[in-house]
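Descriptive analysis of the structure
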Amino acid sequence: MERTLSIVKPDGVKKNLIGEVIKRFEQKGLRIAALKMLRMSVDDAKGFYIVHKERPFYDTLTGFMSEGPIVVVVVEGENAISKVREIMGATNPKDAAPGTIRADFASDIEHNIIHGSDSKESASYEIPYFFSSLEMF
Ligand code: UDP
Ligand code: MG
């Protein structure tokens, strides 16, 4: 059993896709272990994406991620990390496989609706960034 962190990004919340994202997880047999809505400050977003601090898109990404509310979710299941990545699709919606969330709804490589941890190591940084053990079930 594995846990991963997913986020419905500000563009996903604006496009009314919270339910759609959660439905896709549940339909693939994944379980929601924790969930909340919040708005990050720019500094919160910078801390969350600290691994990307040298990348050219760091400033626009952290601006975008703090521009409105997000929904953060802990998703649990067998191979949850790779399953969520599959359901999401490639970072750039132009490269995302048909039927993935990003292929279906993302407008561009930055505004791509959803986040998912990319490894066990990232999940173990990202989950406690938002949730305490008392908030996971
Ligand atoms: N991103 C961007 N420009 C890029 C690559 C990524 O704006 O050239 C944004 C995009 O929102 C992406 C996030 O930065 O989801 C994190 O990038 P990463 O490479 O980790 O992609 P992900 O793991 O989200 O597919
Ligand atoms: Mg990533």
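Anyway, here's the lowdown on the structure attached to this text. Computed from a predicted structure; not experimentally measured.

**Structural notes on the overall build of the protein**
- Of regular secondary structure, the protein possesses seven helices and four strands.
- In the protein, the succession of α and β elements from N to C terminus is β-α-α-β-α-α-β-α-α-β-α.
- Since a compact globule built from 137 residues should have a radius of gyration of about 14 Å, the 14 Å found for the protein is in line with a globular shape.
- The principal-axis extent of the C-alpha atoms belonging to the protein is close to 35 × 35 × 25 Å.
- Across the 137 residues in the protein, those meeting the buried criterion constitute 48%.
- Summarising the internal contacts of the protein: among those between residues at least 6 apart in sequence, 77% fall at separations of at least 24.
- Carbon and sulfur atoms form 53% of the exposed surface of the protein, whose accessible area is close to 7,100 Å².
- Across the protein, the 18 positively charged side chains and the 20 negatively charged ones have centroids separated by 2 Å.

**As for the site of ligand 1**
- The immediate surroundings of ligand 1 are formed by Lys9, Tyr49, His52, Phe57, Leu61, Arg85, Thr91, Arg102, Ile109, Glu110 and Asn112.
- Between ligand 1 and Arg102 there is a distance of 3.0 Å, counted from an oxygen atom to a side-chain nitrogen or oxygen.
- Split by residue class, the shell around ligand 1 holds four nonpolar, three polar and four charged.

**Topic: the sheet that holds strand 2 (residues 31-38)**
- Taking strand neighbours across the sheet as the criterion, the four strands line up as 2-3-1-4 in an open arrangement whose pairing is antiparallel. Each edge of the open sheet is held by one strand with a lone partner, namely strand 2 and strand 4 (114-116). If you compare each strand with its neighbour and ignore which way they point, the axes differ by 20° on average.
- Pairing geometry for strand 1 (residues 2-8) and strand 4, over three bridges, is antiparallel. Bridge pairing in strand 4 places Val8 opposite Ile114.
- Across the sheet, helix 7 (residues 120-130) touches strand 1, strand 2, strand 3 (70-77) and strand 4, and the angle it forms with strand 1 is around 60°.

**Some remarks on a nonpolar patch on the surface**
- A contiguous nonpolar surface patch, about 370 Å² in accessible area, is contributed by Ile50, Val51, Tyr125 and Tyr129.
- Here Val51 lies in the loop between helix 3 (42-48) and helix 4 (58-65).

**Focus: the nonpolar core**
- Grouped together as the largest cluster of nonpolar side chains are 21 residues, with contacts concentrated most on Leu5, Ile7, Met65, Val74, Phe130 and Phe131.
- Considering every element that reaches this core, the biggest residue donor is helix 4, with four residues.
- Leaving out residues up to four positions away in the same chain, Phe130 has contacts with Leu5, Ile7, Lys36, Leu38, Met40, Phe48, Ile70, Val72 and Glu135.

**Description of unusual backbone geometry**
- Phi at Asn79 is positive, roughly 50°, even though this residue is not glycine.
- Along the chain, Asn79 falls in the loop between strand 3 and helix 5 (80-88).
- Judged by relative accessible area, Asn79 falls into the partly exposed class, the value being 42%.
- Here the phi dihedral of Ile113 falls at roughly 75°; this positive angle occurs in a residue that is not glycine.
- Ile113 sits in the buried class, given a relative accessible area of 0%.

Calculation notes
Residues numbered from 1 in each chain as written. Chains lettered and ligands numbered in written order. Predicted model: local features only at pLDDT ≥ 70, side-chain atom pairs only at ≥ 80, totals over all residues. Heavy atoms only, no water. Helix = DSSP H or I, 4+ residues; strand = E, 2+ residues; numbered from the N terminus. Rg over C-alpha atoms; globule rule 2.2 N^0.38 Å. Buried < 20%, exposed > 50% of the residue type's maximum accessible area, 1.4 Å probe, protein only. Contact = heavy atoms within 4.5 Å. Areas by Shrake-Rupley, 256 points an atom, 1.4 Å probe, with all protein chains shown as cover. Lys, Arg positive; Asp, Glu negative; His and termini not counted. Charge placed at Lys NZ, Arg CZ, Asp CG, Glu CD. Near = heavy atom within 4 Å. Polar contact = N/O pair within 3.5 Å; in protein donor to acceptor, adjacent residues only side chain to side chain. Nonpolar A, V, L, I, M, F, W, Y, C, P; charged D, E, K, R; others polar. Pairing = 2+ DSSP bridges. Axes fitted to C-alpha atoms, helices over the stretch in contact; angles between N-to-C directions. Patch = residues over 30% accessible without salt bridge, like charges linked within 9 Å, V, L, I, M, F, W, Y side chains within 5 Å. Salt bridge = Lys/Arg side-chain N within 4 Å of Asp/Glu carboxyl O. Core = buried A, V, L, I, M, F, W, Y, C linked by side-chain atoms within 4.5 Å.

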